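# Secondary and tertiary structure notes
Single-letter residue listing:
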Amino acid sequence: MSDYLYGYGPAEQERLLRQARYWKRAGLFDGVEFRPGEAVLEIGCGAGGVLGVIHELQPAATLSGIDVEPRQVEHASAHLRELGAPDADVVAGDATELPWVDGTFDTVWMSWFLEHLVDPRRVLEEARRVLKRGGRIVVCETDYSTFKVHPESPNYDYLEQAQYDYFERHGCATAGRLLGPWLTAAGFVEVQNVLAGFHHYQVPGDDRLSQHANYVAEFIEPTVERLATSLDLDADRLQLGVEHLRSVGADPRGAMTQIVYRALARRAG
Ligand SMILES: C[S@@+](CC[C@H](N)C(=O)[O-])C[C@H]1O[C@@H](n2cnc3c(N)ncnc32)[C@H](O)[C@@H]1O
């Protein structure tokens, strides 16, 4: 995937593991129970961070994953072996042609994946095909128009717009708010899409604002050169936007908002 923004280097793979744990602490897995023996597939599994969290939540679940990039598959398999899940079946392949027969899985999970696709319909139809009748899909995505900070800054706005524009060009910047219609169009039933909005502000003794600002800065900063080249933008100004974002985390007046969506739906029984 030549236009995949984050790349596949070791630093990004380790960041993905930290990210999965960050979202677990932030509650993104709350209320999604996994039963012993449940067959779970993660599509676009990256470095294996989410599969690792699912293994920790339910060690007796049967895990599978697929990613188009062999380096991610290798990393995910090694990570799961280290966590004590050597039987996890992680394969390289394209989500538009899943290598599993109809009705294989109880749960399909996708996070921060559909945002990279220009047209997610075929992938969602494939996800529905490999689910058992009555099986569920869980999809987490954000909306790149919602990353707001206080104090405001023109450099930060420049950075936020660049990120939005890149996703609009190579995927979908507003994937989170489209999950309901997408899942319905792909034939799922009992579709719900729920806001898991995050708003943090400076509170003495509470580091959630700095943690969130740093988490976002950590995934944007390595993309600055790519954003500048691809969108013909000023890399120094983008970098100043990243620095502003980090400064918000330490500012006594600081605050940050980001909207995340979590959709749940089923294959009809
Ligand atoms: C941001 S990562 C998300 C990883 C993981 N879901 C997580 O939450 O940690 C997105 C992953 O989707 C993969 N990907 C993108 N397009 C794909 C496709 N068509 N089929 C399979 N994987 C794909 C990329 O290689 C990348 O590893």
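Residues numbered from 1 in each chain as written. Predicted model: local features only at pLDDT ≥ 70, side-chain atom pairs only at ≥ 80, totals over all residues. Heavy atoms only, no water.

### Remarks on the overall build of the protein
Counting its regular elements, the protein contains nine helices and eight strands. Principal-axis analysis of the C-alpha atoms places the extent of the protein at approximately 50 × 40 × 35 Å. Every one of the 269 residues in the protein was classed for burial, and the buried ones make up 54%. In the protein, 79% of the contacts between residues at least 6 apart in sequence involve partners at least 24 apart. As displayed, the protein has an accessible area near 11,800 Å², and 50% of this comes from carbon and sulfur atoms. The distance from the centre of the 26 positive side-chain charges to the centre of the 40 negative ones in the protein is 6 Å. (Helix = DSSP H or I, 4+ residues; strand = E, 2+ residues; numbered from the N terminus. Buried < 20%, exposed > 50% of the residue type's maximum accessible area, 1.4 Å probe, protein only. Contact = heavy atoms within 4.5 Å. Areas by Shrake-Rupley, 256 points an atom, 1.4 Å probe, with all protein chains shown as cover. Lys, Arg positive; Asp, Glu negative; His and termini not counted. Charge placed at Lys NZ, Arg CZ, Asp CG, Glu CD.)

### A word on the state of the cysteines
This model, assessed by the stated rule, comprises zero disulfides. Here C45 is not cross-linked by a disulfide; its sulfur's nearest cysteine counterpart is in C140, at 15 Å. Judged by relative accessible area, which is 5%, C45 ranks as buried. As a non-bridged cysteine, C172 has C140 as the owner of its nearest cysteine sulfur, 16 Å distant. What makes C172 buried here is its relative accessible area of 8%. (Disulfide = S-S within 2.5 Å.)

### Comments concerning the pairing of strand β5 (residues 131-142)
When you tally the buried positions in β5, you get nine out of twelve residues, the bulk of the element. As paired strands, strand β4 (residues 105-111) and β5 are joined by six bridges and run parallel to one another. Bridging from a neighbouring strand, T107 pairs with R136 of β5. You can see the chain leave β4, run along helix α4 (residues 121-130) and come back into β5, and the turn it takes is right-handed. Inspection of the sheet shows β5 paired to strand β8 (residues 255-266) by seven bridges, in the antiparallel sense. Across the sheet, C140 pairs through a bridge with R262, a residue of β8. (Pairing = 2+ DSSP bridges. Right-handed = clockwise from strand over helix to strand, strands pointing away.)

### Side note on helix α8 (residues 224-231)
Of the positions making up α8, those classed as buried are V224, L227, A228 and L231. Buried residues in α8, looked at end-on, bunch into an arc of 95 degrees, giving them a common side. Within α8, the exposed residues directed more than 90 degrees away from the buried face are E225 and T229. Residues of α8 that are buried in the fold lie against α5 (154-170), α7 (208-220) and α9 (235-248). The first or second residue beyond α8 is D232, which carries a positive phi of 55 degrees. (Arc of directions from axis to C-beta.)

### Comments concerning the packing of aromatic side chains
As enumerated under the stated definition, the model contains 16 aromatic pairs in all. Ring geometry for Y144 against F147: centres 5.3 Å apart, planes inclined by 10 degrees, an arrangement best described as stacked. By relative accessible area, F147 is classed as buried at 0%. In this structure, R237 packs its charged tip against the face of Y158, placed 4.3 Å from the ring centre. (Phe/Tyr/Trp six-rings, centres within 6.5 Å; stacked < 30°, edge-to-face > 60°. Lys NZ or Arg CZ within 6 Å of the ring centre and 35° of its normal.)

### A closer look at the side chain of R262
Note on placement: R262 falls in strand β8. Polar contacts involving the side chain of R262 include one to the main-chain carbonyl oxygen of L28, which spans 2.7 Å. Looking at R262, its side chain comes within polar contact range of the main-chain oxygen of D30, at 2.8 Å. (Polar contact = N/O pair within 3.5 Å; in protein donor to acceptor, adjacent residues only side chain to side chain.)

### Details of the packing of helix α1 (residues 10-25) against helix α3 (residues 70-82)
Where α1 meets α3, the closest approach of the two axes is 11 Å, and the angle between their N-to-C directions is 55 degrees. The angle between α1 and α3 places the two elements in the oblique class. Our pair here, α1 against α3, has a crossing hand that is right-handed. In this structure, α1 uses Q13, E14, L16, L17 and R21 to contact α3, whose residues at the interface are R71, Q72, H75 and H79. Of the residues in the contact of α1 with α3, the class split is two nonpolar, four polar and three charged. (Axes fitted to C-alpha atoms, helices over the stretch in contact; angles between N-to-C directions. Parallel < 35°, antiparallel > 145°, perpendicular 65-115°, else oblique. Left-handed = near helix turned anticlockwise from the far one by under 90°. Nonpolar A, V, L, I, M, F, W, Y, C, P; charged D, E, K, R; others polar.)

### With respect to the site of the ligand
Every one of the 20 residues lining the ligand counts as a neighbour, but Y8, E42, G44, D67 and S111 are closest to it. With respect to the ligand, the side chain of E42 contributes an N or O atom lying 2.7 Å from a nitrogen atom. In this structure, a nitrogen atom belonging to the ligand sits 3.1 Å away from a main-chain N or O atom of V68. Along the lines of polarity and charge, the residues of the shell around the ligand split into eleven nonpolar, six polar and three charged. (Near = heavy atom within 4 Å.)

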